[in-house]
Amino acid sequence: MRRTQGSPPQTVPKHEVLGMKCTSCMKKVSQMLATVSVLLLVATAIYQSNLESNAILVQRVKPHDQATADLLGEVGTPIGSPQRMIVSDQRAFLPGKGEQGERFVNDDYLKEHDVYPLQAKTVGYVGGLVKLGLAGIALVGFLAAWWFGRRERSCRIPFATSTTKTEGASR
Amino acid sequence: MKFKTVATLAMLAASFTSALAQKQTFKIGNAGGMKVAQVFTVDSDADFENFTGQTHDVTGSVTFDPSAKTGSGKIVINLASLDTGIALRNEHMRSEMWMDTEKFPNATFETTSVRHLKGDKYEVSGKLTLRGVTRNLKTQVTVRYLKESESTRKAMFMGNVVQIKTEFPIKLAEFGVKIPDMAKGKVADTVKARLTVFAYSG
């Protein structure tokens, strides 16, 4: 800021004013960061919970043709073990259920349509990591906001003293 | 006289049984329009995700005696065709660090003994060769024998058919696979192998 002719002399050192402004600004940024992180954390938890609620126990199966299925008394050959997956395309399901109540999913259909179903395990793992990260950022944000707030408050008193002293000295 | 008749009948029955109890040779694979798939899978259950590698390229032959409930066999699995559902992961699986399929394209299992347990369950011992390393393996196998009938012909099977099912763990380190740090949590140290094959007598 430029001093104009005839204006009263600046009594507060420029770097202190800037320092205080900076501290106040950093406090706001930290508060904002913490708030956004908390909001994202809640959103992630809701999204994860929503995804996980759509996951069901499924068994991928290489299906037999009808005559073979009738002969062998099985819908097809299992591919892998039953696991919780999110399969949104209902056409991928085959009739019947397994011993653990798992639904059969046509592996040929998944391949033909280039579908790689999301696993509940992956959702849980990635969701957990994201939530942990956001909680960490939120914590750092809150701590930083608290620290900058303390600094801001402590800056005010010396600032006032300094102004008085400066005024006295100028006289 | 009565004793002689009983002895003759017993001998006839024994010879009839031994005639039935002939070992049959079955070929693994599809022929003559057989529609069933030969399936070999490996399941990895790691922290991040589960994945299954699968191949339908399984060949070999088995002998099986449905009366004496014994048999033997050799099964060859083409690991180079193992598909995990993601092209990049397939490349990694085939690489030198993992299955090294350029050098060792096949895994083989050859039986050394077969012991009938009960029903259609058998305890099979044999040698599993993977990445050029051979280890002894003992596993429980389910063998379903389907004598040729209208139903088997309708299902396009050729002759008599055996369905062989088994699963066993494979500790990768025992076959020289060292999981790199960057893959830890994504690939399990021990994978579960499952085999379901159909063999026909022709």
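Shown above is the structure to which this text applies.
Within every chain, residues take consecutive numbers counted from 1 along the sequence as written. Here the convention is simple: chains get letters from A, ligands get numbers from 1, in the order in which they are written. Local features are withheld for residues below a pLDDT of 70 in this predicted model, meaning they are given only at 70 or higher, and side-chain atom pairs are given and counted only at 80 or more; totals for whole chains, interfaces and linings count all residues. Excluding hydrogens and water, the side-chain figures rest on all heavy atoms present in the structure.

Visitor: Please explain the overall build of chain B as it appears in this structure.
Guide: A tally of regular secondary structure across chain B gives 3 helices and 10 strands. To qualify as a helix, a DSSP run of H or I must reach at least 4 residues; to qualify as a strand, a run of E must reach at least 2; elements of each kind are numbered from the N terminus. The order of α-helices and β-strands along chain B, N terminus first, is α-β-β-β-β-β-α-β-β-β-α-β-β. A simple rule labels every residue: compare its accessible area, found with a 1.4 Å probe on the protein chains alone, to the largest value its type can have, and call it buried under 20%, exposed over 50%, or partly exposed in between. Counting only residues that meet the buried cut, chain B has 44% of its 202 residues in that class. Here, residues are in contact when the closest pair of their heavy atoms is within 4.5 Å. Contacts spanning at least 24 positions in sequence make up 60% of the contacts within chain B whose residues lie at least 6 apart. Accessible surface area values rest on a Shrake-Rupley calculation with a 1.4 Å probe, where residue burial reflects the displayed protein chains alone. Roughly 10,800 Å² of accessible area belongs to chain B as shown, and the carbon and sulfur atoms make up 56% of that amount.

Visitor: Explain the overall build of chain A here, please?
Guide: In terms of helices and strands, chain A carries 4 helices and 5 strands. Counting from the amino terminus, helix and strand elements in chain A follow one another as α-β-α-β-β-β-α-β-α. Residue pairs at least 24 apart in sequence account for 67% of intrachain contacts in chain A once pairs closer than 6 positions are excluded. When the accessible surface of chain A is totalled, it reaches about 11,000 Å², and 62% of it is carbon and sulfur.

Visitor: Is there a simple way to explain the pairing of strand 2 (residues 76-86) of chain A in this structure?
Guide: Within a regular strand, side chains alternate between the sheet's two faces. Residues and elements named next belong to chain A. Whether two strands pair depends on DSSP finding at least two bridges between them. Pairing geometry for strand 1 (residues 56-63) and strand 2, over 7 bridges, is antiparallel. Its bridge partner being in strand 2, P63 is matched across the sheet by G76. Here strand 2 pairs with strand 5 (residues 118-119) via 2 bridges, running antiparallel. Across the sheet, I86 pairs through a bridge with L118, a residue of strand 5.

Visitor: Could you clarify how one ought to interpret the pattern of salt bridges in this entry?
Guide: Two side chains bearing opposite charge may form a pair once their charged atoms approach each other closely. Residue and element names in this part refer to chain B. When a carboxyl oxygen of Asp or Glu is within 4 Å of a side-chain nitrogen of Lys or Arg, the pair counts as a salt bridge. Counting across every chain of the model gives 14 salt bridges over all chains. Ionic pairing is found between E148 and R153, a salt bridge with its closest N-O pair at 3.4 Å. The structure contains a network of salt bridges with shared partners spanning D43, E167, K192 and R194.

Visitor: Just to check I follow, could you spell out helix 2 (residues 87-94) of chain B for this structure?
Guide: Given 3.6 residues to a turn, an α-helix orients residues that are three or four positions apart in the same direction. Residues and elements named next belong to chain B. Taken residue by residue, helix 2 has R89, N90 and M93 as its buried positions. What you see down the axis of helix 2 is that its buried residues fit within an arc of 105°, all on one side. For helix 2, exposure combined with an orientation more than 90 degrees from the buried face picks out A87, L88 and E91. On its buried face, helix 2 sits against strand 3 (50-55). Summarising the geometry, the arc corresponds to the directions from the helix axis toward the C-beta atoms.

Visitor: Explanation requested: the sheet that holds strand 4 (residues 103-106) of chain A in the structure shown.
Guide: Sheet strands associate in pairs through backbone hydrogen bonding, adopting either a parallel or an antiparallel arrangement. Residues and elements named next belong to chain A. Reading across from one edge, 3-4-1-2-5 is the order of the 5 strands in this open sheet, with mixed pairing throughout. Edge positions in the sheet fall to strand 3 (93-97) and strand 5, since each of these pairs with one other strand and no more. Here 3 bridges tie strand 3 to strand 4, and the two strands are oriented antiparallel to one another. The residue bridging K97 from the neighbouring strand is R103, located in strand 4.

Visitor: Looking at this structure, I do not really get the interface of chain B and chain A. What am I missing?
Guide: How big an interface is tends to be stated in terms of the accessible area lost upon association of its parts. Counting residues at the interface gives 34 residues for chain B, matched by 23 residues for chain A. Summed over the shared surface of chain B and chain A, the result is 2 salt bridges. Note that E74(A) is salt-bridged to K165(B), the shortest N-O span being 3.1 Å. Any pair of N or O atoms that falls within 3.5 Å is considered a polar contact. Within protein, one atom must be able to donate a hydrogen and the other to accept it, and sequence-neighbouring residues count only if both atoms are side-chain atoms. Taken together, the connections running from chain B to chain A amount to 14 residue pairs in polar contact (both at pLDDT 80 or more). Among the elements of the structure, strand 2 (39-45), strand 3, strand 8 (133-146), helix 3 (150-154), strand 9 (161-171) and strand 10 (190-200) of chain B are those that each provide at least two residues to the side of chain B that touches chain A. Each residue receives one of three labels: charged for Asp, Glu, Lys and Arg, nonpolar for Ala, Val, Leu, Ile, Met, Phe, Trp, Tyr, Cys and Pro, and polar for the others, Gly being one of them. Tallied by class, residues from the side of chain B that touches chain A come to 11 nonpolar, 11 polar and 12 charged.

Visitor: Where do I start with unusual backbone geometry in this structure?
Guide: Glycine aside, residues mostly have negative phi, and peptide bonds are mostly found in the trans state. Within the chain, K69(B) stands out as a residue other than glycine whose phi angle is a positive 55°. One can find K69(B) in the loop between strand 4 (58-65) and strand 5 (70-78).

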